[in-house]
Amino acid sequence: MSMHTCSKYCNPVQLPPGARTMRCTICRTVSSLGDAWDTFRPPAAYAAVAPYNVHYVRRAIRPLTMSMHTCSKCCNLVQLPPGARTMRCTICRTVSSLGDAWDAFRPPAAYAAVAPYNVHAPVRSRQNCPGRKRAVICGISYKKSRHELKGSINDAKCMLHFLVNNFRFPLDSILMLTEEESDPQRIPTKRNIKWAMRWLVQGCQPGDSLVFYFSGHGWQQRDYSGDEADGYDETICPLDFETQGMIVDDEINALIVRPIPLGVKLHAIVDASHSGTVLDLPYLCRINWKGQYAWEDHRPRSGAPKGTSGGQVICFSGCDDDQDAADTFGLPDNKPCGAMTNSFIGAIDRGQGSTYGSILSSMRSFNIPGLRGRQEAQLTASHPFDVCATPFSL
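Scope of this entry: the structure provided in the associated data block. Just so it is clear, the structure is predicted and the values come from calculations on it, not from any experiment. (Residues numbered from 1 in each chain as written. Predicted model: local features only at pLDDT ≥ 70, side-chain atom pairs only at ≥ 80, totals over all residues. Heavy atoms only, no water.)

Some remarks on the overall build of the protein chain
Quick reminder of the rule: Under the scheme used here, helices are H or I runs from DSSP no shorter than 4 residues and strands are E runs no shorter than 2 residues, and both carry numbers assigned from the N terminus. Any two residues whose heavy atoms approach within 4.5 Å are treated as being in contact. Using the Shrake-Rupley algorithm and a 1.4 Å probe, accessible areas are obtained, with residue cover drawn only from the displayed protein chains.
Looking only at helices and strands, the protein chain features 9 helices and 21 strands. Counting only contacts in the protein chain whose residues sit at least 6 apart along the sequence, the fraction spanning at least 24 positions is 63%. Surface exposure of the protein chain reaches about 18,900 Å², of which carbon and sulfur atoms provide 53%.

In structure tokens:
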């Protein structure tokens, strides 16, 4: 790889041999490699001061300090030059003023402690470093409100135990958001959940395995973008949804689906009502009691992108878009838990988790009195695959 410099902001960019043009990772400017800046060599005066690197000389000639700012809608981080007054998000295209409340927000220390590596880390070789595992677990009981759930906190604790003991997720790579957390940055508010989503996918590299788990309320609201066949967006409800609003499937897709690069796999497990297509993934698997399945194409007719950046995303959800998810009493001492979470973990613990199809069929046949036919687990994905032959792993 060779280093070349943006003709506008002097940002150094690595390019493969034979490349003729480059796009800056900061300002998105396209430059030819014959650009005046690219062929520039430092005069003798600069070489006497800094003979070791032409890129330091270029920055001395055209100093520029870039700053990080945060989208007010989807929390995407964007680099901006000095003096910028507004910004357009590279993911959701929202235009924000730099005086926006979100712009002053910084990632809580809790995230930095769990994730010491960042998106600017150098690309790793798959041969030299195994894939990392990382998870966000969110359980919301909405305690002391009319929306209170009894089993969500238990669900989150069960999922933590499940990931650590069954799939060897390191404890320090799992971010828990529940009302029981003492750190205010780990309370499952809308702001914190969005930041946790950003943290989950930030800096992921080929071979990494990511998990997003949510247990709480789900809902639907009118779709105004025209990308939903039934006219409704699916949502998840953060703790403060009555004042701050719900997190819509379009936002979830932009935050944790579209950024997934080639070689990275994300599993989402969502135990909430109306969650069938809550990640807005383009393909939905319909499977019958015989194990026969077919993929439905849910790509928007508008052509709006809903897939990944080359990686794979698979979502198990608690029910179809028009169904409700329920609690049950499937834990020891008759403690409450989510029916979907209980059936998902139970399927794997009973040895029926060899493939995605076997898990889905087992979840649907799980004997929960009163729920058969009223709550059917769903499977959606960024790409169709053979659910009966593909081994399940996290």
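So that's the structure; there's more coming.
A word on the sheet that holds strand β18 (residues 312-317)
What counts is decided by this rule: Whether two strands pair depends on DSSP finding at least two bridges between them. Lines fitted to C-alpha atoms define the axes here, with helix axes fitted over just the stretch in contact, and angles between the N-to-C directions of these axes take values from 0 to 180 degrees.
One open sheet holds the 8 strands; their spatial order is β10-β9-β11-β15-β18-β21-β16-β17, and the pairing between them is mixed. Each end of this open sheet is capped by a strand with a single partner; those strands are β10 (174-177) and β17 (293-297). Averaged over all pairs of adjacent strands, the angle between strand axes in this sheet comes to 15°, irrespective of strand direction. Looking at chain direction, strand β15 (residues 265-271) and β18 are connected through 6 bridges and run parallel. The residue of β18 that forms the bridge with Ile269 is Phe316. Against the sheet, helix α5 (residues 190-201) touches β9 (133-139), β10, β11 (209-215) and β15, its axis set at about 165° to β9.

With respect to unusual backbone geometry
Although it is not a glycine, Arg168 sits at a positive phi angle of roughly 55°. Among the structural elements, Arg168 can be located in the loop between α4 (152-167) and β10. Here Asp280, not a glycine, exhibits a phi torsion of approximately 60°, which is positive. Following the sequence through the fold, Asp280 ends up in the loop between β15 and β16 (283-287).

Brief notes about the environment of Ile187
Inspection of the secondary structure assignment puts Ile187 in the loop between β10 and α5. A sequence separation of 52 residues divides Ile187 from Leu239, and the C-alpha atoms of the two residues are 8.1 Å apart.

Here we look at the packing of α5 against helix α7 (residues 249-256)
Note the following rule: For classification, angles of less than 35 degrees are called roughly parallel, those exceeding 145 degrees roughly antiparallel, those between 65 and 115 degrees roughly perpendicular, and all remaining angles oblique. Each residue is assigned to one class: nonpolar for Ala, Val, Leu, Ile, Met, Phe, Trp, Tyr, Cys and Pro, charged for Asp, Glu, Lys and Arg, and polar for all the others, Gly among them.
Closest axis-to-axis distance for the α5/α7 pair is 8 Å, and the angle between their directions is 30°. Relative to α7, the element α5 lies roughly parallel. Residues Lys194, Met197, Arg198 and Val201 of α5 form the contact with α7, whose own contacting residues are Glu251, Ile252, Leu255 and Ile256. Residues of the contact of α5 with α7, tallied by class, amount to 5 nonpolar, no polar and 3 charged.

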